[in-house]
Amino acid sequence: MSAERAQAVQVALAELRRAGEHQRGLAGRLARTHGGNERTWARAVTDARAMYATETTEQEAQRPAPQPE
């Protein structure tokens, strides 16, 4: 992965973390905000969504199970 693409994935990942979930039109918004091709951003968002899903799953697995009262 090129440094430019890795940076785009990190920007998309930060946006996913901020929003708490994927939002339709994210790639277009990132393209308008940061420049570049929407298709390139769409690939970065796809990669970032996979990373975000892994993070979320790992965080949920680390939470202690609720104790019955």
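Look up a bit, the structure's there.
Residues numbered from 1 in each chain as written. Predicted model: local features only at pLDDT ≥ 70, side-chain atom pairs only at ≥ 80, totals over all residues. Heavy atoms only, no water.

Asker: Account for the overall build of the protein, naming residues and giving values.
Answerer: What the protein contains, in helices and strands, is 3 helices and 0 strands. In terms of overall size, the protein is more extended than a compact globule, its C-alpha atoms giving a radius of gyration of 15 Å where 69 residues would be expected to give roughly 11 Å. Principal-axis analysis of the C-alpha atoms gives the protein an extent of 55 × 25 × 15 Å. Looking at the protein residue by residue over its 69 residues, the buried ones come to 23%. Contacts spanning at least 24 positions in sequence make up 53% of the contacts within the protein whose residues lie at least 6 apart. When the accessible area of the protein is evaluated, it comes to approximately 5300 Å², of which 48% is carbon and sulfur surface. (Helix = DSSP H or I, 4+ residues; strand = E, 2+ residues; numbered from the N terminus. Rg over C-alpha atoms; globule rule 2.2 N^0.38 Å. Buried < 20%, exposed > 50% of the residue type's maximum accessible area, 1.4 Å probe, protein only. Contact = heavy atoms within 4.5 Å. Areas by Shrake-Rupley, 256 points an atom, 1.4 Å probe, with all protein chains shown as cover.)

Asker: How would you explain helix α1 (residues 3–19) if you had to name every residue and give the values?
Answerer: The terminal C-alpha atoms of α1 lie 24 Å apart, and with 17 residues this matches the ideal 24 Å at 1.5 Å per residue to within 8%. Taken residue by residue, α1 has Ala 8, Val 9, Ala 12, Leu 13, Glu 15 and Leu 16 as its buried positions. Around the axis of α1, the buried residues are gathered within 160 degrees of arc, so they sit on the same side. Every exposed residue of α1 that faces more than 90 degrees away from the buried side is listed here: Ala 3, Glu 4, Gln 7 and Arg 18. (Expected span 1.5 Å × (residues − 1). Arc of directions from axis to C-beta.)

Asker: Explain the pattern of salt bridges residue by residue, including any values.
Answerer: Tallied over the entire structure, the rule returns 4 salt bridges. Note that Arg 29 and Glu 15 form a salt bridge whose closest N and O atoms lie 4.0 Å from each other. Placement of the pair is Arg 29 in helix α2 (residues 26–34) and Glu 15 in helix α1, with a sequence separation of 14 residues. Residue classification places Arg 29 among the partly exposed residues on the basis of a relative accessible area of 30%. Here Glu 55 ties to Arg 17 by a salt bridge, and the two come within 2.3 Å at their closest N and O atoms. On the criterion of sequence distance, the pair formed by Glu 55 in helix α3 (residues 38–62) and Arg 17 in helix α1 is long-range, its members being 38 residues apart. Shared partners join several salt bridges into a network, and the residues in it are Glu 15, Arg 18 and Arg 29. (Salt bridge = Lys/Arg side-chain N within 4 Å of Asp/Glu carboxyl O.)

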